[in-house]
Number of protein chains: 2
Amino acid sequence: MAPQSLSSVNLTILGSASAQPSSTRNHSALALRLGGDVWLFDCGEATQHRIQKSNVKMGRIKKIFITHTHGDHIFGLLPLMASCLDGSGGMVNESEDGRLQSGSTEETQPLEIYGPLGTRAFIRTGIFYSYTNLGAPYVVHELRLPTDPVDGDYTTLPPRSPELPGRNIMQTNGAWTDIFPDEVVSVAAAPILHSVPCVGFVVTELPIPGKIDPKDYVPHLKRTNTPMSVMRQLQQGESVELSDGTILKGPLRRPGRKVAILGDTYDPSPIIDLALDADLLVHEATNAHLPRVDPNTKDDDTYESVEARTKSRGHSTPQMAGAFAKRIRAKRLLLNHFSARYAGNDDVDEEAKKIMEAIRGLAMQEFDGPVICARDFMSFDVELPH
Amino acid sequence: MAPQSLSSVNLTILGSASAQPSSTRNHSALALRLGGDVWLFDCGEATQHRIQKSNVKMGRIKKIFITHTHGDHIFGLLPLMASCLDGSGGMVNESEDGRLQSGSTEETQPLEIYGPLGTRAFIRTGIFYSYTNLGAPYVVHELRLPTDPVDGDYTTLPPRSPELPGRNIMQTNGAWTDIFPDEVVSVAAAPILHSVPCVGFVVTELPIPGKIDPKDYVPHLKRTNTPMSVMRQLQQGESVELSDGTILKGPLRRPGRKVAILGDTYDPSPIIDLALDADLLVHEATNAHLPRVDPNTKDDDTYESVEARTKSRGHSTPQMAGAFAKRIRAKRLLLNHFSARYAGNDDVDEEAKKIMEAIRGLAMQEFDGPVICARDFMSFDVELPH
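Since the structure is predicted, the reported quantities are computational estimates derived from the model, not experimental observations. (Residues numbered from 1 in each chain as written. Chains lettered and ligands numbered in written order. Predicted model: local features only at pLDDT ≥ 70, side-chain atom pairs only at ≥ 80, totals over all residues. Heavy atoms only, no water.)

Take the overall build of chain A next. What chain A contains, in helices and strands, is 10 helices and 17 strands. Taken over C-alpha atoms, the radius of gyration comes to 23 Å for chain A, in line with the 21 Å a tight globule of 386 residues would show. When the backbone C-alpha atoms are referred to their principal axes, chain A occupies close to 80 × 55 × 45 Å. As presented, chain A carries roughly 15,600 Å² of accessible surface, and 51% of it is formed by carbon and sulfur atoms. With 39 positive and 48 negative side-chain charges, chain A shows a separation of 4 Å between the mean positions of the two kinds. (Helix = DSSP H or I, 4+ residues; strand = E, 2+ residues; numbered from the N terminus. Rg over C-alpha atoms; globule rule 2.2 N^0.38 Å. Areas by Shrake-Rupley, 256 points an atom, 1.4 Å probe, with all protein chains shown as cover. Lys, Arg positive; Asp, Glu negative; His and termini not counted. Charge placed at Lys NZ, Arg CZ, Asp CG, Glu CD.)

Written as C-alpha cells, this is what we have:
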C-alpha cells in the first residue's frame, strides 16, 4: 500500500533552557508527535517531570534522538527510560495495583535511541551502576563520525538484557542519510559544529498524495459508469483504466512536511543540503546582545563581542540562527536553548516579553519568515506545505 | 579548644517519593543543615530543581551521602554536581556575567561524596560520557562490604581531574564507625537490608557543654573576687582553681544531637547499636495497608499480604518503621519514601490528609513517640536532647 500522510505533526517544547534550569525553563527536550507516536529530541534532567505536566503521553514515546551527550541534553534519559520501560530496582513498577502504568507493557518493539558515540555507553553504565532492571527492551544506535571507531560500544561493560544490539551507523558523504526504514517518514542527520560531537536531525514525511481536482476526473467516471470509489486510488496517485480504454492518472505526489531539529551549534553548515526547504527549523540561540533591553548587558559589550563569546562556547546568537534559516530557505524558524538569563514566562511577564520580542527581532533581521521563541510547554502543529 | 555545639541542626525534605515522582512528591533527597553547612542525603532526579524552590542554598552543600545507587536516589547527582561545581560542557558557567553563581568558586575543599560500591564509577562514567568539565574538585569515598573488593574503582575508566582519590572504607565489626574526622559531628554508617547494598547513616553531634546552674558557682566567684568571665570556662566543662584554693568543676558534657537517616530497607537491624537513642530517626514507609481509607485498597489484601509484598520489594510498612523506632528508643520518627499513590499535598488536600494521618497512626501502633510524615519542602529543627 502506498504510504499515507500523517494525520498531524506536532511539536511540544518540554525544555528550552541552556545549561542550568530556571523556574521558567527546563533543560533541553522536544516532543515531536507524528500521528499517535512521540519522538523525543534530547532529554535533559526532569524531562519526565515536564512530560507529566504536559499533554505528551510517556507511553507513546517510541524513539529518542540525542543531539549530543552534554549533561543538559541527556541527564533525564536514564530516569525517563526507567519510567517508560517499567524499570524496577528503585524505579518500582507499581502497575499491579493499577497505578503508574506506563503503557509499555503492550510493547513488542524496543525503545529506539539514536545519538552520537557515547550515548550507548552512558546508558549502559548508568543502568548497570544503578541496578535498574528494565521490564522492556531498548536499543541504542550510534551515529558515528569518520574519526570514531567503526565497531565496539565505547565501554568495557558488556551489554545486559534487555539491551538489544544496536547499529553503529557510519556516514555517507558526510551525513547519515538513511537512519532507519519507515513507511511514513524518513530521518537523516548530519554533524553540526559544537564544542563536542553534535548532530542535527531532519525528519521528512514521505511524499504525500497530490491535490486532486474532482473536475478533472468525475466527468470521465460518470461517462463510463465507473464507481466513484476509484477516486481513492486516483487520490493516491495511481492510474485507473476505464471501460472505454481511457487511462486516468492521479495527481503527482508532493513533498511532505520537513522538520530540521538541530542540537547546540556555532555552525550547522554541514546539514545545509539535508535541511533545505524545511517547513520548520529548530535552531539554538543561546546568547544575544540586547543593549537597552536586557538590563544585564555589559557596557563594553558589542554585538561582535557577544557573538565571539557565544561562538567560543559553541553556541549561536539569534542573528546566526536567522541567517541559517534564510540559507536553507526554511518556512519557519523556532529559536530555542536560551540562556537562563532570558526568563521563559514571556506569556505573562512584560519584562520577559520585551526581551523575547527583542530576541525574535534580532533573528528577523536576517530571516524574513515567521520566527517563534520557544517557551516551555508551547505546542504547535507543523502544517503541510501549500 | 573544646568542640562547640552547633547553632542549629535542621532537616529539609527535598523529595519524599519512592520510585516515580508525582506532582506532589519528588524522588529521594534530604538536606541536613549543620550550622551553615548543608549535607545532602540521596539525590534523585530533579533535586537541584527542588533546591531552587527551597531555602536550601546549593553553594552550601559540602557533603553528599548516598544510601544506595538505585536510580531514584542518584539520578540527580550528576546534574547537581555540574551546577554545584561550576560544570561547563553543556552546564555552562555563566558566572562571569554575574548570574547563576553557585558560590563554589571560593571553595578549596572538594565536594565529598559517600556511598556504597559503584557510587564512584557511576559518577565517573557519567561525567566522562557527558563531557562534563567540573570547575572544582570532588572526591568519592565508598563504604565497602566485606564481599566487595578492597581496592579499585569498579570501572576500567581511569580518574580524571578534578576527581581526587577517594578512600575505600572497610567495615569494623559490621559497621563503618569512623567515616571522617570532624570537630563538631561524627558520622557512622551500617549496612541495612534492601534489594541491593544499602546504607544507613548516623550523624552524631559530639558531646556538648552540660547545663550549668549559676547558683552552684556565682557565690564562690563573688567570695573570692574572681571575674565572672571564668563562667565561660566552667560552661565548657573545665575546672577553675580560685584564689582560696577551692577548685570548681564545670558540669559534665552531655550527648549532642543524633540523627539516623536510613535508606530503603526491609530490615535495618544491623544499624541498631549505632542508631540507639537517636533524637530523630528517618525511616522509609513505602507501602501501607489502608482499608476504608485508601480507595485503591484491594479487597483481598490484608496487612500481612501487604507487608509480605512490601518486604519482597525490599521495603517497609509504617508499622515496621514504628517498631524499629521503638527498638532503638528513638525520640522522634520521620516516615519517608512513600509510594506515589499517597499524595504529598496533605497540608491542603483533605483526602491526602486522611491518608497520611492513617499512615502516621499505623506507625504509632508500634511507637509511642512523635511521628511525622515527610512532605516535600517540610523543614524542621532537630532539638537538643533535654
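The next thing to look at is the pattern of salt bridges. Residue and element names in this part refer to chain B. Within the structure shown, the criterion is met by 32 salt bridges over all chains. Ionic pairing is found between Arg-124 and Glu-163, a salt bridge with its closest N-O pair at 2.9 Å. Separated by 39 residues along the polypeptide, Arg-124 in helix H4 (residues 119–129) and Glu-163 in strand S7 (residues 163–164) bring together distant segments of the chain. Of the residues examined, Glu-163 reaches a relative accessible area of 9% and is grouped as buried. As a salt-bridge pair, Glu-142 and Arg-144 come within 2.7 Å of each other at their nearest N and O atoms. Classification of Glu-142 as buried rests on a relative accessible area of 0%. (Salt bridge = Lys/Arg side-chain N within 4 Å of Asp/Glu carboxyl O. Buried < 20%, exposed > 50% of the residue type's maximum accessible area, 1.4 Å probe, protein only.)

You can read the domains of chain A as domain 1 (9–93 + 103–207 + 255–381) and domain 2 (214–249). Of note, the centres of domain 1 of chain A and domain 2 of chain A, computed from C-alpha atoms alone, are 46 Å apart. (Domains from an automatic or database assignment.)

Overlaying chain A with chain B gives an RMSD of 0.2 Å, the required rotation being 180° about an axis along which the chain moves by 0.0 Å. Seen this way, the second copy is the image of the first under a two-fold rotation axis. For chain A, the residue whose C-alpha comes nearest the rotation axis is Ala46(A), separated from it by 2.7 Å. A shared interface surface links the copies, since 100% of the contact residues of chain A are contact residues in chain B too. (Least-squares fit on C-alpha atoms with pLDDT ≥ 70 in both. Contact = heavy atoms within 4.5 Å.)

Moving on, we get to the state of the cysteines. Inspection of the entire model under this criterion finds 0 disulfides over all chains. Here Cys84(B) stays free of any disulfide, with the sulfur of Cys43(B) as its closest cysteine sulfur at 8.2 Å. (Disulfide = S-S within 2.5 Å.)

To continue, consider helix H3 (residues 77–84) of chain B. All names here are of chain B. The element H3 is largely enclosed, with a buried count of 8 among its 8 residues. Among the residues of H3, those classed as buried are Leu-77, Leu-78, Pro-79, Leu-80, Met-81, Ala-82, Ser-83 and Cys-84. Immediately downstream of H3, the backbone of Asp-86 shows phi near 50°, a positive value.

Moving on, we get to the sheet that holds strand S10 (residues 198–205) of chain A. Residue and element names in this part refer to chain A. Across the sheet, which stays open at both edges, the 6 strands sit in the order S9-S10-S13-S14-S15-S16 with mixed pairing between neighbours. Looking at the sheet topology across the chains shown, the edges are occupied by strand S9 (185–192) and strand S16 (371–373). Neighbour to neighbour, the strand axes of the sheet diverge by 20° on average, direction disregarded. Sheet topology note: the strand S13 (residues 258–262)/strand S14 (residues 280–284) ladder contains 3 bridges and is parallel. Paired with Ala-260 across the bridge in S14 is Leu-281. In the packing of helix H9 (residues 318–327) onto the sheet, contacts are made with S13, S14 and strand S15 (333–336), and the angle to S14 comes to roughly 150°. Contacts from helix H10 (residues 350–364) reach S15 and S16, with the element oriented near 145° to S16. (Pairing = 2+ DSSP bridges. Axes fitted to C-alpha atoms, helices over the stretch in contact; angles between N-to-C directions.)

All names here are of chain A. Here the bond from Ser-161 into Pro-162 is cis, since omega is 5°, no more than 30 degrees from zero. Checked against the element boundaries, Pro-162 lands in the loop between strand S6 (138–143) and strand S7 (163–164). Phi is positive for Asp-42, close to 70°, though the residue is something other than glycine. The topology assignment puts Asp-42 in the loop between strand S3 (37–41) and helix H1 (47–53).

To continue, consider the pairing of S13(A). In terms of residue burial, S13(A) counts as a mostly covered element, since 5 of its 5 residues are buried. Burial along S13(A) is two-sided: Lys258(A), Ala260(A) and Leu262(A) and Val259(A) and Ile261(A), pointing in opposite directions, are all buried.

Strand pairing in a sheet relies on backbone hydrogen bonds. The paired strands run either parallel or antiparallel. All names here are of chain B. In spatial order, the strands read S9-S10-S13-S14-S15-S16; together these 6 strands make up an open sheet with mixed pairing. Where the open sheet ends on each side, the last strands, each with one partner, are strand S9 (185–192) and strand S16 (371–373). In this sheet, adjacent strand axes meet at a mean angle of 20° when their direction is disregarded. Pairing of strand S10 (residues 198–205) with strand S13 (residues 258–262) involves 5 bridges; the strand directions are antiparallel. Across the sheet, Thr-204 pairs through a bridge with Lys-258, a residue of S13.

Each side of the interface is counted separately: chain A has 56 residues, and chain B has 56 residues. Summing both partners gives a buried area of about 5,000 Å² for chain A against chain B, and 52% of it is carried by carbon and sulfur. Taken together, the links from chain A to chain B amount to 0 salt bridges. Counting the contacts that link chain A with chain B gives 15 residue pairs in polar contact (both at pLDDT 80 or more). Looking at the side of chain A that touches chain B, the elements that each hand over two or more residues are H1, helix H2 (71–74), helix H3 (77–84) and helix H4 (119–129) of chain A. In terms of residue class, the side of chain A that touches chain B is made up of 19 nonpolar, 27 polar and 10 charged. (Buried area = accessible area lost by both parts, 1.4 Å probe. Polar contact = N/O pair within 3.5 Å; in protein donor to acceptor, adjacent residues only side chain to side chain. Nonpolar A, V, L, I, M, F, W, Y, C, P; charged D, E, K, R; others polar.)

All names here are of chain A. Tracing the backbone through its elements, the reader meets Asn-336 in strand S15. With relative accessibility at 9%, the residue Asn-336 sits in the buried group. In contact with Asn-336, not counting residues within four places along its chain, are Gly-15, Ser-16, Leu-30, Val-282, His-283, Glu-284, Ala-285 and Ala-374.

If you look at the biggest cluster of nonpolar residues, it comprises 68 residues, and the most contacted ones within it are Leu335(A) and Ile359(A). Setting aside residues no more than four positions away along its own chain, Ile359(A) makes contact with Ala288(A), Leu290(A), Pro318(A), Leu335(A), Phe338(A), Tyr342(A) and Cys373(A). (Core = buried A, V, L, I, M, F, W, Y, C linked by side-chain atoms within 4.5 Å.)

Helix packing geometry: the angle between the two helix axes and the distance between the axes. All names here are of chain A. Between H3 and H4, whose axes approach to 10 Å, the crossing angle comes to 65°. On the basis of the axis angle, H3 is roughly perpendicular to H4. Viewed along their axes, H3 and H4 form a crossing whose handedness is right-handed. Contacts between H3 and H4 involve Leu-77, Leu-78 and Met-81 from the former and Phe-122, Ile-123, Gly-126 and Ile-127 from the latter. (Parallel < 35°, antiparallel > 145°, perpendicular 65-115°, else oblique. Left-handed = near helix turned anticlockwise from the far one by under 90°.)

Moving on, we get to the packing of aromatic side chains. All names here are of chain B. One pass over the full model with this rule turns up 22 aromatic pairs over all chains. Taken together, a centroid distance of 4.8 Å and an interplanar angle of 15° make the contact between Phe-41 and Phe-65 stacked. Highlighted residues: Phe-41 in strand S3 (residues 37–41) and Phe-65 in strand S4 (residues 61–65), separated in sequence by 24 residues. Of the two residues examined, Phe-41 and Phe-65, each falls in the buried class. Taking the centre distance of 5.1 Å and the plane angle of 65° together, the rings of Phe-65 and Phe-201 count as edge-to-face. Remark: Phe-201 occurs in strand S10 and Phe-65 occurs in strand S4; sequence separation between them is 136 residues. Overall, the relative accessible area of 0% leaves Phe-65 in the buried class. (Phe/Tyr/Trp six-rings, centres within 6.5 Å; stacked < 30°, edge-to-face > 60°.)

With that settled, consider the confidence of the model for chain A. All names here are of chain A. Confidence in the prediction of chain A, expressed as mean pLDDT, is 92, and 93% of residues score 70 or more. Here residues 92–107 is modelled with pLDDT under 50, and outside its nearest four sequence neighbours on either side it reaches 32 contacts, counting other chains as well. Interface predicted TM-score (ipTM) for the complex: 0.92; the corresponding pTM is 0.93. (pLDDT = per-residue confidence, 0-100.)

Here we come to the pairing of strand S5 (residues 111–116) of chain B. All names here are of chain B. Across the 6 residues that make up S5, a large majority, 6, are buried. Relative to S5, S4 is paired through 3 bridges, and the arrangement is parallel. Each residue of the ladder has a partner; that of Phe-65, found in S5, is Tyr-114. Taken together, the 6 bridges between S5 and strand S6 (residues 138–143) define a ladder with parallel strand orientation.

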